[in-house]
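Summary of the model geometry
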Amino acid sequence: AQRVTQPEKLLSVFKGAPVELKCNYSYSGSPELFWYVQYSRQRLQLLLRHISRESIKGFTADLNKGETSFHLKKPFAQEEDSAMYYCALSGQGGSEKLVFGKGTKLTVNP
Amino acid sequence: GAGVSQSPRYKVAKRGQDVALRCDPISGHVSLFWYQQALGQGPEFLTYFQNEAQLDKSGLPSDRFFAERPEGSVSTLKIQRTQQEDSAVYLCASSPNRGNQPQHFGDGTRLSIL
């Protein structure tokens with residue numbers, strides 16, 4: 001079964017501290033992994049996807065197939081990073097639907 | 001350009017009423033998805049269209065839920081005989097082509113069933 005687990009419902013850090021949002025997945029095959037972000041009063045938007053290997057707003061995420069993880073990291077958190085973060089997966093070449101985790105609410109304190 | 005547009009933004013209905021939710025995808029986007037997001041949960045897949053063809057409706061929770069996209073553009077999600085458990089935010093997303101293109105989401109319709 002396809003499943004995405006985000007173990008932390010809430011995460012609070014201070015500005016300038018490192019942040020890591022955890023994501024583990026279950027999928028039989030090679031999924032594509034994504035991080036979506038929802039800022040206050042805004043729509044859900046793509047932050048990054050593993051195949052592009054980009055760093056967006058200072059965030060990176062590495063797909064670890066051995067540990068079936070796709071943790072999101074940023075070395076120095078900013079207050080504007082406060083948002084709801086969702087990890088999601090989809091299958092390759094067939095089922096395009098996204099399977100989401102329950103989300104982690106990140107709060108960056110001044 | 002305009003993003004994905006959903007209407008209404010908020011809908012309140014009495015239990016047992018029928019509701020219709022509209023999604024205007026980004027112009028030219030082939031793929032269209034509906035998701036349901038209950039309070040405190042991540043979005044859950046409902047159904048997927050490629051142009052006017054409904055290719056996957058495995059996530060529709062019951063036969064009270066029906067979706068259509070007759071001309072391959074605007075889509076409507078209809079819920080008949082609404083129940084309290086249907087209260088949720090209904091999200092629409094579109095992507096340019098078949099395949100794993102990034103999905104662009106609308107603001108959603110918040111449905112409350114009294």
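Here's a quick rundown of the structure. (Residues numbered from 1 in each chain as written. Chains lettered and ligands numbered in written order. Predicted model: local features only at pLDDT ≥ 70, side-chain atom pairs only at ≥ 80, totals over all residues. Heavy atoms only, no water.)

1. With respect to the nonpolar core
Judged by nonpolar contacts, the single largest core of 25 residues is most densely connected at Trp35, Leu72 and Tyr85 of chain A. Where this core is concerned, the elements lending two or more residues are strand 2 (10–14), strand 3 (19–21), strand 5 (32–38), strand 6 (45–49), strand 9 (83–90) and strand 11 (104–109) of chain A. With four residues, strand 9 of chain A is the single largest residue contributor to this core. Residues contacting tyrosine 85 of chain A, with those up to four places away along its chain left out, are Gln6, Leu21, Trp35, Tyr36, Val37, Leu47, Phe59, Leu72, Gly103, Thr104 and Leu106 of chain A. Ranked by size, the runner-up nonpolar core spans 20 residues in total, among them Leu21, Phe49, Leu60 and Ala67 of chain B. (Core = buried A, V, L, I, M, F, W, Y, C linked by side-chain atoms within 4.5 Å. Buried < 20%, exposed > 50% of the residue type's maximum accessible area, 1.4 Å probe, protein only. Helix = DSSP H or I, 4+ residues; strand = E, 2+ residues; numbered from the N terminus. Contact = heavy atoms within 4.5 Å.)

2. Remarks on the interface of chain A and chain B
Each partner contributes to the interface: chain A provides 19 residues, whereas chain B provides 22 residues. Carbon and sulfur atoms make up 47% of the area that chain A and chain B hide from each other, which totals about 1700 Å². It is Arg43, Glu96 and Lys97 of chain A that lose the most area in chain A upon contact with chain B, and together they represent 38% of the buried surface on that side. Where chain A touches chain B, the interface holds one salt bridge. For aspartate 107 of chain B, the salt bridge is made with arginine 43 of chain A, and the minimal N-O distance between the two is 3.0 Å. (Buried area = accessible area lost by both parts, 1.4 Å probe. Salt bridge = Lys/Arg side-chain N within 4 Å of Asp/Glu carboxyl O.)

3. Side note on the environment of proline 25 of chain B
Residue and element names in this part refer to chain B. Note on placement: proline 25 falls in the loop between strand 3 (19–24) and strand 4 (31–37). Each C-alpha atom of the pair proline 25 and proline 102 lies 14 Å from the other, and the pair is 77 residues apart in sequence. Not counting the four nearest positions on each side in its chain, proline 25 is found in contact with Val4, Leu32, Arg69, Ser73, Val74 and Ser94.

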